Amino acid sequence: MSKNFEKAKETCVKYNVKVCDLHSVWKRLVDVGVDTTELLANKLNHPIREFHYYMAIKLLEIMYED
């Protein structure tokens, strides 16, 4: 995870701002052997439709958690 992202997360914690950290989800996929290139529609940087759905669900979970 980039230092800038870590700093941003620290700032969010400091000010009680929720963070939807999909970077760590992506990293976990890589760590367990998933070919994440196959999750990219353009094989570069744009997720496939199914991953958009997953991101939306994760965002809703973060928004409505206690």
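What you are looking at is a predicted structure, and each value in this text was computed from that prediction instead of being measured.

*Asks:* Before we move on, can you summarise unusual backbone geometry with the specific residues and values?
*Replies:* Even without being glycine, Asn16 reaches a positive phi, approximately 60°. Tracing the backbone through its elements, the reader meets Asn16 in the loop between α1 (3–14) and α2 (22–31). Taking relative accessible area as the criterion, Asn16 reaches 72% and is therefore assigned exposed. Even without glycine at this site, Lys43 takes up a positive phi of about 60°. Considering the arrangement of structural elements, one finds Lys43 in the loop between α2 and α3 (49–64).

*Asks:* An account of the side chain of Asp21 is needed here, citing residue identities and associated values.
*Replies:* Its place among the elements puts Asp21 in the loop between α1 and α2. The exposure class of Asp21 is buried, given its relative accessible area of 15%. Side chain to side chain, Asp21 and Lys9 meet in a polar contact 3.0 Å long.

*Asks:* Tell me what's going on with the packing of aromatic side chains, and back it up with residues and numbers.
*Replies:* Under the definition given, this model contains 2 aromatic pairs. Ring plane angle 80° and centroid distance 4.9 Å describe the contact between Trp26 and Phe51, whose orientation is recorded as edge-to-face. Note that Trp26 is positioned in helix α2 and Phe51 in helix α3, a separation of 25 residues in sequence. Grouping aromatic residues by their ring pairs yields a cluster made of Trp26, Phe51 and Tyr54.

*Asks:* Could you give an account of the packing of α2 against α3, naming the residues involved and the relevant values?
*Replies:* Put simply, α2 and α3 touch, their axes get as near as 11 Å, and they point 130° apart. On the basis of their axis angle, the class for α2 and α3 is oblique. For the pair α2 and α3, the sense of crossing is right-handed. Contact residues: α2 offers Leu22, Val25, Trp26 and Leu29, while α3 offers Phe51, Tyr54, Met55 and Lys58. In the contact of α2 with α3, the residues fall into 7 nonpolar, no polar and 1 charged.

*Asks:* Account for a nonpolar patch on the surface, naming residues and giving values.
*Replies:* On the surface, Tyr53, Ile57, Leu59, Leu60, Met63 and Tyr64 cluster together into a nonpolar patch covering about 650 Å² of accessible area. Along the chain, Met63 falls in helix α3. Taking the relative accessible area as the measure of exposure, Met63 reaches 44% and is therefore partly exposed.

Thresholds, definitions, all that
- Residues numbered from 1 in each chain as written.
- Predicted model: local features only at pLDDT ≥ 70, side-chain atom pairs only at ≥ 80, totals over all residues.
- Heavy atoms only, no water.
- Helix = DSSP H or I, 4+ residues; strand = E, 2+ residues; numbered from the N terminus.
- Buried < 20%, exposed > 50% of the residue type's maximum accessible area, 1.4 Å probe, protein only.
- Polar contact = N/O pair within 3.5 Å; in protein donor to acceptor, adjacent residues only side chain to side chain.
- Phe/Tyr/Trp six-rings, centres within 6.5 Å; stacked < 30°, edge-to-face > 60°.
- Axes fitted to C-alpha atoms, helices over the stretch in contact; angles between N-to-C directions.
- Parallel < 35°, antiparallel > 145°, perpendicular 65-115°, else oblique.
- Left-handed = near helix turned anticlockwise from the far one by under 90°.
- Contact = heavy atoms within 4.5 Å.
- Nonpolar A, V, L, I, M, F, W, Y, C, P; charged D, E, K, R; others polar.
- Patch = residues over 30% accessible without salt bridge, like charges linked within 9 Å, V, L, I, M, F, W, Y side chains within 5 Å.
- Areas by Shrake-Rupley, 256 points an atom, 1.4 Å probe, with all protein chains shown as cover.
- Salt bridge = Lys/Arg side-chain N within 4 Å of Asp/Glu carboxyl O.

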